[in-house]
Amino acid sequence: MSGDGRDAPGIWFGVDVGTVRVGVARSDPNGTLAVPVTTLTRDARTDRDITELAALVAEYEACGVVLGLPRTLAGREGTAAELARDYGQRLAARIVPVPVEFVDERLTTVSAQRKLQQGGVRGRAGRAVIDQAAAVELLQHWLDVRRA
């Protein structure tokens, strides 16, 4: 998991890992715009979601994956960050040589929820897309910072 491919042109994936669902987004081939792809059901027992995500990375010939790293507002890493790092390491082993990078995802889920609510998406429909929206938020932020 390195920054070796950070400036590579091509499609990047953004991943928001939760205990129940995994939101997935991808960029356009120019690395300018993040768009939602899918929400996978988290399966820590069989890692079926990691297998599905690895297949998407291969299908799109992605040049890298950006995985959200949940930190506290104080910037510390807790149990959720440990789970995200473990997920990233298991994913990285499946998609070698495609790099997996971690990005601070503080407040991405909150931001995604607000945007969905402002757009009139609530309840079950909101829960069904919130993880994708959070993945879009974290990937778009990473793309913007990378371009700056």
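This text goes with the structure placed above it.
Residues numbered from 1 in each chain as written. Predicted model: local features only at pLDDT ≥ 70, side-chain atom pairs only at ≥ 80, totals over all residues. Heavy atoms only, no water.

Draft legend 1. Region of interest: the overall build of the protein chain. Counting its secondary structure elements, the protein chain contains 4 helices and 5 strands. Counted from the first residue to the last, the protein chain has its helices and strands arranged as β-β-β-α-β-α-β-α-α. Per-residue burial over the protein chain gives 45% buried out of 148 residues. Summarising the internal contacts of the protein chain: among those between residues at least 6 apart in sequence, 65% fall at separations of at least 24. Carbon and sulfur atoms make up 52% of the accessible area of the protein chain, which totals about 7,900 Å². (Helix = DSSP H or I, 4+ residues; strand = E, 2+ residues; numbered from the N terminus. Buried < 20%, exposed > 50% of the residue type's maximum accessible area, 1.4 Å probe, protein only. Contact = heavy atoms within 4.5 Å. Areas by Shrake-Rupley, 256 points an atom, 1.4 Å probe, with all protein chains shown as cover.)

Draft legend 2. Representation of the packing of helix H1 (residues 48-59) against helix H2 (residues 79-95) within the structure. Here H1 crosses H2 at 50°, and the two axes come no closer than 10 Å. Overall, the two elements H1 and H2 adopt an arrangement that is oblique. In the crossing of H1 with H2, the sense of the turn from one axis to the other is right-handed. Together, Asp49, Ile50, Thr51, Leu53, Ala54 and Val57 of H1 and Tyr87, Arg90, Leu91, Arg94 and Ile95 of H2 make up the contact between the two elements. Grouping the constituent residues of the contact of H1 with H2 by class yields 7 nonpolar, 1 polar and 3 charged. (Axes fitted to C-alpha atoms, helices over the stretch in contact; angles between N-to-C directions. Parallel < 35°, antiparallel > 145°, perpendicular 65-115°, else oblique. Left-handed = near helix turned anticlockwise from the far one by under 90°. Nonpolar A, V, L, I, M, F, W, Y, C, P; charged D, E, K, R; others polar.)

Draft legend 3. Inspection of the packing of aromatic side chains at higher detail. Scanning all chains against the criterion turns up 2 aromatic pairs. Plain terms: the ring middles of Trp12 and Trp142 are 4.5 Å apart, the flat faces sit at 45° to each other, and that makes the pair tilted. A residue pair is termed long-range when its members are at least 10 positions apart, and Trp12 in strand S1 (residues 12-17) and Trp142 in helix H4 (residues 123-147) qualify at 130 residues. Trp142 shares its class with Trp12; the two are buried. Judged by centre distance (5.6 Å) and plane angle (70°), the ring pair of Phe13 and Tyr60 falls under edge-to-face. Of the two residues, Phe13 is situated in strand S1 and Tyr60 in the loop between H1 and strand S4 (64-69); the sequence distance between them amounts to 47 residues. (Phe/Tyr/Trp six-rings, centres within 6.5 Å; stacked < 30°, edge-to-face > 60°.)

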